[in-house]
Amino acid sequence: MVRVVAVANQKGGVGKTTTAVNVAASLAQGGERVLLVDMDPQANASSGLGIDPRRVASGTYEVLLEGVPIAHAFRRTAVPNLTVVPAGPDLAGAEIELVGREGRETLLRQALEAEKDRFGLVLIDCPPSLGLLTVNALVAAEGVLIPIQCEYYALEGVSQLLNALQRVKQGLNPELMVLGILLTMFDGRTNLALQVADQVKRAFRGRVLRHAVPRNVRLSEAPSHGLPIGLYDGRSRGAEIYAEVAKEVLVRARGATPLG
Ligand SMILES: Nc1ncnc2c1ncn2[C@@H]1O[C@H](COP(=O)(O)OP(=O)(O)OP(=O)(O)O)[C@@H](O)[C@H]1O
Ligand SMILES: [Mg+2]
């Protein structure tokens, strides 16, 4: 069973945050207790859930680098069962400050240890890099969800990501597995999207989630209102799809057995 899932891809703008926020919110709306940890200095997951990052006094940075207990950084959101550890202004410096720290790769895992059992699922939104913030997420996680945007160059960098996963698995986190690959911003009317989807499915076989997320303008509007799609426009295509994706993620997490 997988309880902690990192949403990771070092390629920027592929839908990591949109996926982390909306999968977390959808499961929480369904009654699951969910924790979302914002590991990205851009703080998009925090602002997308209505938290002003400039006003975060205790967030990911303080948890990782100042020893603040993670429960002190918990913030409620508009979704009843959804708790967030937000990213504040100091997180931008964390990547550099972490370098000199003892146990620098395991800080998030240690911080989560005491609290993760309080949640049915913990999602971690990663920044678009393979630096120490992402490594902390991969070490704390049991499964990785990889959003891949259906565009040219989609697979560029994925082998680098898989190598990074392999290194973490061999070094610090032998249980780590790829929970799933999610095709995002999919436009079934274009040959390119179909080709990319086909290529990803051939490369990753059973690991690609059944549902692909289409481009949906409501999904891109929701963050500016500080709301997940389910609260912003619960009847949109984006909301429907993310509800399905969320169910699939939960089923996979519950049934997960480590892959070799
Ligand atoms: N399915 C979708 N339909 C329309 N717009 C989308 C969709 N998914 C994401 N977007 C938009 O695309 C942009 C990038 O998405 P998102 O922020 O989720 O990517 P990311 O991988 O987290 O980016 P970063 O690497 O910068 O953290 C955002 O403006 C988001 O609103
Ligand atoms: Mg993001």
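Structure first, text after, so check above.
Every value quoted in this text rests on a predicted model; they were computed, and no experiment measured them.

With that settled, the discussion passes to the sheet that holds strand S2 (residues 34–38). Strand pairing in a sheet is mediated by backbone hydrogen bonds. Such pairs are either parallel or antiparallel. Here seven strands make up an open sheet; going across it, the order is S3-S4-S2-S5-S1-S6-S7 and the pairing mixed. Whereas interior strands pair on both sides, the edge strands pair on one side only; in this sheet they are strand S3 (75–76) and strand S7 (177–184). Inspection of the sheet shows strand S6 (residues 143–149) paired to S7 by seven bridges, in the parallel sense. Among the inter-strand pairings, Ile146 is bridged to a residue of S7, identified as Ile181.

Within the structure, ligand 1 sits among 19 residues, and Lys16, Thr17, Thr18, Pro128 and Ser220 are positioned closest to it. Elements supplying a minimum of two residues to the shell around ligand 1: helix H1 (16–29) and helix H9 (217–221). Among the elements that line the shell around ligand 1, the one with the most residues is H1, at three residues. Of the residues assigned to the shell around ligand 1, the class counts are six nonpolar, ten polar and three charged.

Val5, Ala24, Leu36, Leu123, Ile124, Ala137 and Leu138 are the most contacted members of the largest nonpolar core, which has 90 residues in total. Here the element with the most residues in this core is helix H11 (residues 237–255); it accounts for nine residues.

Its 14 residues give H1 an end-to-end C-alpha distance of 20 Å, which sits within 8% of 20 Å, the value for a rise of 1.5 Å per residue. Here H1 lies mainly inside the structure; 14 of its 14 residues are buried. Phi for Gly31, located one or two positions after H1, is positive at around 105°.

This next bit is on the packing of H1 against H11. Each pair of packed helices gets described by two things: the angle between the helix axes and the distance between those axes. Running from N to C, H1 and H11 point in directions that differ by 80°, and their axes come no closer than 8 Å. Regarding the angle of H1 to H11, the classification is roughly perpendicular. Where H1 abuts H11, its residues Asn22, Val23, Ser26 and Leu27 lie against Tyr242, Ala243, Val245, Ala246, Val249 and Leu250. Residue classes in the contact of H1 with H11 are distributed as eight nonpolar, two polar and no charged.

The rules behind these values
- Residues numbered from 1 in each chain as written.
- Chains lettered and ligands numbered in written order.
- Predicted model: local features only at pLDDT ≥ 70, side-chain atom pairs only at ≥ 80, totals over all residues.
- Pairing = 2+ DSSP bridges.
- Helix = DSSP H or I, 4+ residues; strand = E, 2+ residues; numbered from the N terminus.
- Near = placed C-beta within 6 Å.
- Nonpolar A, V, L, I, M, F, W, Y, C, P; charged D, E, K, R; others polar.
- Core = buried A, V, L, I, M, F, W, Y, C linked by C-beta atoms within 7 Å.
- Buried ≥ 20, exposed ≤ 12 C-beta atoms within 10 Å, placed from the backbone.
- Expected span 1.5 Å × (residues − 1).
- Axes fitted to C-alpha atoms, helices over the stretch in contact; angles between N-to-C directions.
- Parallel < 35°, antiparallel > 145°, perpendicular 65-115°, else oblique.
- Contact = placed C-beta atoms within 7 Å.

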